[in-house]
Amino acid sequence: MLDNTGFTVLIYKLQENCAGIKQAAILDMIYNHTYPNKKVWTVYQMTRVAGEETDSLNLADFKYKFKRSLQTALKNVTINFREYEDNALWIRIAWGTQYTKPNQYKATYIVYHLQTPYVFISSLRSNLPLLCQALVHASNYHDIHEMELRSRCLDSLKDIVFKRYSQTFQTYHPRPLQERNVAPEKVDPRIIQENKREKERIQRVNQEVFGNGLQPKIEFAQYKLETMFKGEPEMDILTEKEPFRCVVKFSSPHLLEALKSLAPAGMADAPLSPLLTCIPQKARNYFKIKERKDILSASCLGS
Amino acid sequence: MEEATAYLRDGVLSHLEKLEAHARTLALKQEETQQQQEKLARLRARVQELRLQRDELQTKVNLQQVGLIRQERGTGSNVEPIQAVEARGKALLKWEVENVKSMLQAFHLTGISGKLTKQGVCFCISTAYERTYLDSYYLDLLIQQPVQIRHHSVPIFIPLEEIAKKYLQTDIKRFLAMLSDHLNAYAGRKYQADQLQEHFSAFLEGTLQRNLLQNVLLFNYDVETESKTFPFRAKLVYGDVTRCLPTEAIITCKAGDVSASLLEKTAAHSNLFCHTALHKAFDSFKRAAERLEQTA
């Protein structure tokens, strides 16, 4: 979103040129489409009831139903649509209330690909139930829930849920390796690598876990621990009744690439904890870890 | 006998003495010869032994000499006995490895191949369309009750969950076959649309609109007839997602008034698109246009 002053200036300029709110909204959408990393995007998933067949949805139908659903519930909304070549439908919604006009400065953005059950939403401060209902109704789904997956990089979120990132599978038919940009080092033959085998093992394990390609870009991973404190039996202040609550947050400009480089840099043992490496596969970066029967299943309990 | 009578004149005892002495010397002689003979025999045996030893040593020396000569010649074939065997063993192993690799490659080319993993099996579904191999998709299955998909690289718009719900637990073969059909059809449609965009963009007006599953295509193209160019609009709907040809082809002419011949043309095109691959249909347009140019 253009910042407040920017948008105000834009409005004045457009008014000078007799352009309307609609043009300003479209310009706002174009700006956000070009710079989507200025917002944090959350992924929502829509689900069907078992047994319902997927019917091919018409884009025009969706737009019509969505608009009608929102406008019947809330009179003061501005809704704009814009379609892009990669089959993405961008929706911009400026919310108002019963008595106030829509606030153009705090618009919500929604990105939806028609034949997928995923919706990407940013800048939503209120009216979540209303929006969810409209989405579900318009797209012929039954239900929608928030996935624990958030990032600034919209494309990476799409890569994770559409499974477009490189995963490794065990196969007899190895896919051609991508060329790595490694400049051949001038190795002095007098230098011997003492831990050569260990280094190779780390490389191999890393490759099995992370694959060959670039990782999707997320900025943080958060683990809410609700596990019991395990300390010396003498220190029975904390050992007992209450789980020890704490939150561990990893943040980085590019978290997954950073995790990938930990073991080769010697800062962590390979293989890394599955809690860290399961992020793209489980399509989530917010975890709740309960008392251990089996930690991985606990983290799937969801928030 | 005459000696005996001569000795009898001297006396019997002296005769007996002489006889005794004679016997003794004879016995001594006999003993001597016997000893000599034994000695001879022993020496002969020794000679045999020494001869045998000599022969052995001689053969050893001969071999070594031969070896030295061969080394001098520098052919290295003196090490043949051991290393030749090794080389042959390596070649055999290499041949076996190549054999297995090509068998696995053959399996992969059939379209559905798999590899056992620690907890299950990883299937690879390779797609192809008309002699071109396209992408491969992977499915990692956990073999347990119930069978679970651990992770996969199937695109989101392929109804994997639905197919799995129907067939995964009961009939894995059918599950894989259905999934393979869906993926191959998707890959085929995508390939046709890609080919159209790449090679026949001269015919297209504007962009080719297509959805994720590649089962609804919208495009505008020009048709030259009666020495005029008419803009046609095509909407191809692939109702059956396991097929590569559209179930419905709606062709409209965007020009103002449409003559009967144009209507015929739209019908003909509609039929063509429903029965021929997209890029091949445009290839026929291209050839028709070239023929027209040549005759004109």
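A quick note: this is a predicted structure, and the numbers were derived from the prediction, not measured.

What counts as what
- Residues numbered from 1 in each chain as written.
- Chains lettered and ligands numbered in written order.
- Predicted model: local features only at pLDDT ≥ 70, side-chain atom pairs only at ≥ 80, totals over all residues.
- Heavy atoms only, no water.
- Helix = DSSP H or I, 4+ residues; strand = E, 2+ residues; numbered from the N terminus.
- Buried < 20%, exposed > 50% of the residue type's maximum accessible area, 1.4 Å probe, protein only.
- Contact = heavy atoms within 4.5 Å.
- Areas by Shrake-Rupley, 256 points an atom, 1.4 Å probe, with all protein chains shown as cover.
- Rg over C-alpha atoms; globule rule 2.2 N^0.38 Å.
- Salt bridge = Lys/Arg side-chain N within 4 Å of Asp/Glu carboxyl O.
- Core = buried A, V, L, I, M, F, W, Y, C linked by side-chain atoms within 4.5 Å.
- Arc of directions from axis to C-beta.
- Pairing = 2+ DSSP bridges.
- Axes fitted to C-alpha atoms, helices over the stretch in contact; angles between N-to-C directions.
- Polar contact = N/O pair within 3.5 Å; in protein donor to acceptor, adjacent residues only side chain to side chain.
- pLDDT = per-residue confidence, 0-100.
- Buried area = accessible area lost by both parts, 1.4 Å probe.
- Nonpolar A, V, L, I, M, F, W, Y, C, P; charged D, E, K, R; others polar.
- Expected span 1.5 Å × (residues − 1).
- Phe/Tyr/Trp six-rings, centres within 6.5 Å; stacked < 30°, edge-to-face > 60°.
- Lys NZ or Arg CZ within 6 Å of the ring centre and 35° of its normal.

**Some thoughts on the overall build of chain A**
When its secondary structure is counted, chain A shows ten helices and nine strands. Looking at chain A residue by residue over its 303 residues, the buried ones come to 40%. In chain A, the share of contacts with a sequence separation of at least 24, taken over all contacts with a separation of at least 6, comes to 65%. With the model as given, the accessible surface of chain A reaches about 18,300 Å², and the carbon-plus-sulfur share is 53%.

**Section: the overall build of chain B**
On a plain count of helices and strands, chain B comes out with seven helices and eight strands. A compact globule built from 296 residues should have a C-alpha radius of gyration of about 19 Å, whereas chain B, at 52 Å, is more than 25% larger. When the backbone C-alpha atoms are referred to their principal axes, chain B occupies close to 180 × 60 × 35 Å. For chain B, the proportion of its 296 residues judged to be buried stands at 31%.

**Examining the pattern of salt bridges**
One pass over the full model with this rule turns up 16 salt bridges over all chains. The partner of D159 of chain A in a salt bridge is R164 of chain A, and the shortest N-O contact between them spans 2.9 Å. Among the residues examined, D159 of chain A registers a relative accessible area of 22% and is labelled partly exposed. Taking relative accessible area as the criterion, R164 of chain A reaches 47% and is therefore assigned partly exposed. Between D55 of chain B and R54 of chain B there is a salt bridge, and its shortest N-O distance comes to 3.3 Å. On the accessibility criterion, D55 of chain B (38% relative accessible area) is partly exposed. Judged by its relative accessible area of 52%, R54 of chain B falls in the exposed class. Beyond isolated ion pairs, a larger network of salt bridges with shared partners links E146, E148 and R150 of chain A.

**What about the nonpolar core?**
Residue and element names in this part refer to chain A. Residues W41, V43, W90, F120, L149, V161 and Y223 are the most contacted members of the largest nonpolar core, which totals 33 residues. If you tally residues by element for this core, the top one is helix α5 (residues 154-161), at four residues. In this structure, M46, L131, V136 and A138 belong to the second largest nonpolar core, which totals 27 residues.

**A short note on helix α4 (residues 160-167) of chain B**
All names here are of chain B. Those residues of α4 that fall on the buried side of the exposure criterion are L160, I163, A164 and Y167. Along the long axis of α4, the arc covered by the buried residues comes to 100°, so they all point the same way. Along α4, exposed side chains directed more than 90 degrees from the buried face belong to E161, K165 and K166.

**Concerning the environment of L179 of chain B**
Residue and element names in this part refer to chain B. Considering the arrangement of structural elements, one finds L179 in helix α5 (residues 172-199). Taking relative accessible area as the criterion, L179 reaches 0% and is therefore assigned buried. In this structure the C-alpha to C-alpha distance between L179 and A87, which are 92 residues apart in sequence, comes to 47 Å. Once you skip the residues sitting within four places of it in the chain, L179 turns out to touch I125, L139, I158, L160 and I163.

**Here's the deal with the sheet that holds strand β5 (residues 118-122) of chain A**
All names here are of chain A. The six strands lie next to each other as β2-β3-β4-β5-β1-β6, forming an open sheet whose pairing is antiparallel. Where the open sheet ends on each side, the last strands, each with one partner, are β2 (77-83) and β6 (143-151). Sheet twist, expressed as the mean angle between neighbouring strand axes with direction ignored, is 25°. By the bridge criterion, five bridges tie strand β1 (residues 41-47) to β5 in an arrangement that is antiparallel.

**Notes on the side chain of S153 of chain B**
Positionally, S153 of chain B belongs in the loop between β4 (148-152) and α4. Note on S153 of chain B: relative accessible area 15%, which makes it buried. A distance of 2.9 Å separates the side chain of S153 of chain B from the backbone nitrogen of Y138 of chain B, its partner in a polar contact. Sequence-distant contacts of S153 of chain B, that is, excluding residues within four places in its chain, are made with Q167 and F169 of chain A together with Y137 and Y138 of chain B.

**A few points about the confidence of the model for chain B**
All names here are of chain B. Of all residues in chain B, 94% have pLDDT values of 70 or greater, and the mean over the chain is 85. Mean pLDDT in chain B bottoms out at helix α1 (residues 2-10), which sits at 70, and peaks at α5, which reaches 91. Across the interface, the model reports ipTM at 0.74; the global pTM reads 0.72.

**Here we look at the sheet that holds strand β3 (residues 132-142) of chain B**
All names here are of chain B. Reading across from one edge, β1-β2-β3-β4 is the order of the four strands in this open sheet, with antiparallel pairing throughout. Since the sheet does not close on itself, it has two edges, and those belong to β1 (112-116) and β4, each with one partner. Ignoring strand direction, the axes of neighbouring strands in this sheet form an average angle of 30°. Sheet topology places strand β2 (residues 120-129) next to β3; nine bridges connect them, and they run antiparallel. Residue pairing in the sheet places G120 in a bridge with L142 of β3.

**A closer look at the interface of chain B and chain A**
By a widely used convention, the size of an interface equals the accessible area lost when the partners come together. Facing 25 residues of chain B, the contacting portion of chain A comprises 22 residues. Taken over both partners, the interface formed by chain B and chain A buries close to 2,100 Å², and the fraction arising from carbon and sulfur atoms is 58%. Ranking the residues of chain B by area buried against chain A places K115, Y138 and I156 of chain B at the top, with a combined share of 29%. Seen at the junction of chain B and chain A, the total is zero salt bridges. Secondary structure elements with two or more residues in the side of chain B that touches chain A: α3 (80-109), β1, β3, β4, α4 and β5 (204-210) of chain B. When the residues that make up the side of chain B that touches chain A are grouped by side-chain class, the tally is ten nonpolar, ten polar and five charged.

**Things to note about helix α6 (residues 260-275) of chain B**
With 16 residues, α6 of chain B extends 23 Å from end C-alpha to end C-alpha; this agrees with the ideal 22 Å at 1.5 Å per step. Buried-residue contacts for α6 of chain B involve β6 (216-225), β7 (228-237), β8 (248-253) and α7 (278-295) of chain B.

**A look at the packing of aromatic side chains**
Scanning all chains against the criterion turns up 26 aromatic pairs over all chains. With a centroid separation of 5.8 Å and 70° between ring planes, the pair formed by Y221 of chain B and F232 of chain B is classed as edge-to-face. Here Y221 of chain B is found in strand β6, whereas its partner F232 of chain B is found in strand β7, with eleven residues between them in sequence. Judged by relative accessible area, Y221 of chain B falls into the buried class, the value being 0%. Residue F232 of chain B is classed as buried on the basis of its relative accessible area, which comes to 0%. For the pair Y221 of chain B and F282 of chain B, a centre-to-centre distance of 5.5 Å together with 70° between the ring planes defines the contact as edge-to-face. Here Y221 of chain B, found in strand β6, pairs with F282 of chain B, found in helix α7; they are 61 residues apart in sequence, far enough to count as distant. Taken together, the aromatic side chains of F200, F203, F219, Y221, F232, F273, F282 and F285 of chain B make up a single cluster linked through ring pairs. Positioned above the aromatic ring of Y35 of chain A, the side-chain terminus of K38 of chain A is 6.0 Å from the ring centre. The ring of F220 of chain A has K249 of chain A sitting right over it, with the charged end atom 5.0 Å from the ring centre.

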